[in-house]
Amino acid sequence: MVKVTIAGAAGGIGQTLSLLCKLNPDITELSLYDIANAEGVAVDLSHVNSPARATGHQPRDKSDQDALKNSLIGSDIVIIPAGVPRKPGMTRQDLFKINAGIVRSLVGAVAKYCPEALLLIISNPVNSTVVIAAEELKKNNCFNPRKLFGVTTLDLVRAETFLSYELNYPVEDIRGKITVVGGHSGDTIVPLIHINTEISKIVSSKLSPERLENFIHRVQYGGDEVVQAKSGKGSATLSMAYAGYRFTETILNAITGKENKALEPAYIYLPGVPGGEELSRKLGVEYFAVPIEFDNKGEAKRIIFNNNFISKNYEAQMIEIAKKSLTKSIVQGQLFVNGSK
Ligand code: NAI
């Protein structure tokens, strides 16, 4: 019995993510919340012949809190893709003004109505919205760092795809053999493609320094390709819905015991997860995306990250650059909830 709630379910990401979740037989209730059109999307999805019961919740007016409350009560997993996406020329940080408040109020409701739920944040800028979520949960005395995840899976999905193109190597043989750490925007995105001996050898023999540089740039700024191609009509939705689903499915597989070593990176509060305290001290940042192993409750069991992950100088340099940008985004998120002291 697993209830999954998607807040922002009628949006570009939300609708496709809802469809993918509807197809997962381990989900018994799929609760769709949005300020508009959630009920329509739920009725549409409810005709798909899979076990999950789809329910739609949207407020009648601005004062109506019942829709959100009803959507959240009893949730095991809450996924938040609510908020505005980028337009050409915008960075993810430009979305802060609008999305920070949206994420904070939704997380406030999670704290009230389903404080035990696993919380997956998709809304950008992830580097700050996860911090906002953590601070809001702390204020409500229900912050469990092992249950809060910033979804950075799209960066890994892109890295796997683009590396497969570059090496002319089957993408299914790359999955699980590279990772992406850091954060989720531009120079905070750090692909690590030398953690597996076999892939590392192929990369070293096939990728010239120029092509390596192009690959890294494409992983870091792949989101811009989509924003430009959609020319003002939004950012990645289909690939993001897939990535968000992949992360959700990994957690579900850990819960149901289908995978006993479910691994995926996510942006987390390091000191609160086993193996993270020392890493946080070493890196000098509290939040960082790292590969995580999940336990049978879907919580972060431990961080899978060691010195062997960073074998090249250029990777160590990229991590230094990422830390600088991340520190600013983390402070921005903390100040948004707590104000300046
Ligand atoms: P969209 O505009 O298509 O959908 C957003 C949905 O959120 C809309 O249906 C809207 O009604 C809803 N919404 C707005 N305020 C709400 C509230 N207070 N409560 C509930 N729902 C609310 O946007 P799209 O393309 O689905 O993107 C959503 C977010 O995901 C954006 O912030 C975008 O930047 C982010 N994103 C994150 C990625 C990641 O890798 N983590 C990748 C791509 C996008």
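Shown above is the structure to which this text applies.
Criteria and cut-off values
- Residues numbered from 1 in each chain as written.
- Predicted model: local features only at pLDDT ≥ 70, side-chain atom pairs only at ≥ 80, totals over all residues.
- Heavy atoms only, no water.
- Helix = DSSP H or I, 4+ residues; strand = E, 2+ residues; numbered from the N terminus.
- Expected span 1.5 Å × (residues − 1).
- Buried < 20%, exposed > 50% of the residue type's maximum accessible area, 1.4 Å probe, protein only.
- Disulfide = S-S within 2.5 Å.
- Near = heavy atom within 4 Å.
- Polar contact = N/O pair within 3.5 Å; in protein donor to acceptor, adjacent residues only side chain to side chain.
- Areas by Shrake-Rupley, 256 points an atom, 1.4 Å probe, with all protein chains shown as cover.
- Nonpolar A, V, L, I, M, F, W, Y, C, P; charged D, E, K, R; others polar.
- Salt bridge = Lys/Arg side-chain N within 4 Å of Asp/Glu carboxyl O.
- Phe/Tyr/Trp six-rings, centres within 6.5 Å; stacked < 30°, edge-to-face > 60°.
- Lys NZ or Arg CZ within 6 Å of the ring centre and 35° of its normal.

Trainee: Mind showing me how you'd approach helix α11 (residues 313-338) here?
Mentor: Along an α-helix, a turn takes 3.6 residues, which lines up residues three or four apart on a common side. Counted at 1.5 Å a residue, the expected span for α11 with its 26 residues is 38 Å, and the 38 Å between its end C-alpha atoms agrees. Considered for burial, the residues of α11 that qualify are Glu 315, Met 318, Ile 319, Ala 322, Lys 323, Leu 326, Ser 329, Ile 330, Gly 333 and Val 337. Gly 339, located one to two residues past α11, shows a positive phi value of around 70°.

Trainee: Even after reading the chapter, I still don't get the state of the cysteines, so can you show me in this structure?
Mentor: A covalent bond between the sulfur atoms of two cysteines is referred to as a disulfide. Within the structure shown, the criterion is met by zero disulfides. A disulfide-free cysteine, Cys 21 has its sulfur positioned 15 Å from the sulfur of Cys 114, the nearest such atom. Take Cys 21: its relative accessible area is 0%, and that puts it in the buried class.

Trainee: Can you walk me through the site of the ligand in this structure?
Mentor: Surrounding the ligand, one finds 28 residues, the nearest of these being Gly 12, Ile 13, Asp 34, Val 84 and His 184. Gly 11 is positioned with one of its backbone polar atoms (N or O) 3.2 Å from an oxygen atom of the ligand. At a separation of 2.8 Å, an oxygen atom of the ligand approaches a polar backbone atom of Gly 12. Computed on the free molecule, the ligand has an accessible area of 870 Å², of which 86% lies beneath the protein chains in the complex. Elements represented by at least two residues in the shell around the ligand include exactly α1 (12-22) and α4 (96-113). The element that contributes the greatest number of residues to the shell around the ligand is α4, accounting for three residues. When the residues that make up the shell around the ligand are grouped by side-chain class, the tally is 17 nonpolar, 10 polar and one charged.

Trainee: Mind showing me how you'd approach the pattern of salt bridges here?
Mentor: Side-chain pairs of opposite charge can arise where the charged atoms are in close proximity. Under the definition given, this model contains 19 salt bridges. A salt bridge links Glu 299 to Lys 147, with the shortest nitrogen-to-oxygen separation between them at 3.9 Å. Taken together, the positions of Glu 299 in the loop between β10 (287-294) and β11 (300-303) and Lys 147 in the loop between α5 (126-139) and β6 (148-150) put the pair 152 residues apart, joining distant regions of the chain. Each member of the pair, Glu 299 as well as Lys 147, is classed as buried.

Trainee: Would you mind showing me how to read the packing of aromatic side chains here?
Mentor: The geometry of an aromatic ring pair comes down to the distance between the two centres and the angle between the two planes. Taken as a whole and judged by the stated rule, the model has nine aromatic pairs. An angle of 35° between the planes, with centres 6.5 Å apart, marks the rings of Phe 162 and Tyr 165 as tilted. Placement of both Phe 162 and Tyr 165 in helix α6 (residues 153-167) is noted, with a separation of three residues, approximately one turn of the helix. Among the aromatic residues, those joined into a cluster by ring pairs are Phe 143, Tyr 267, Tyr 269 and Tyr 287. The ring centre of Tyr 269 lies 5.6 Å from the NZ or CZ of Lys 138, which sits over that ring. For Arg 218, the ring lying beneath its charged end belongs to Phe 162, and the centroid distance is 3.9 Å.

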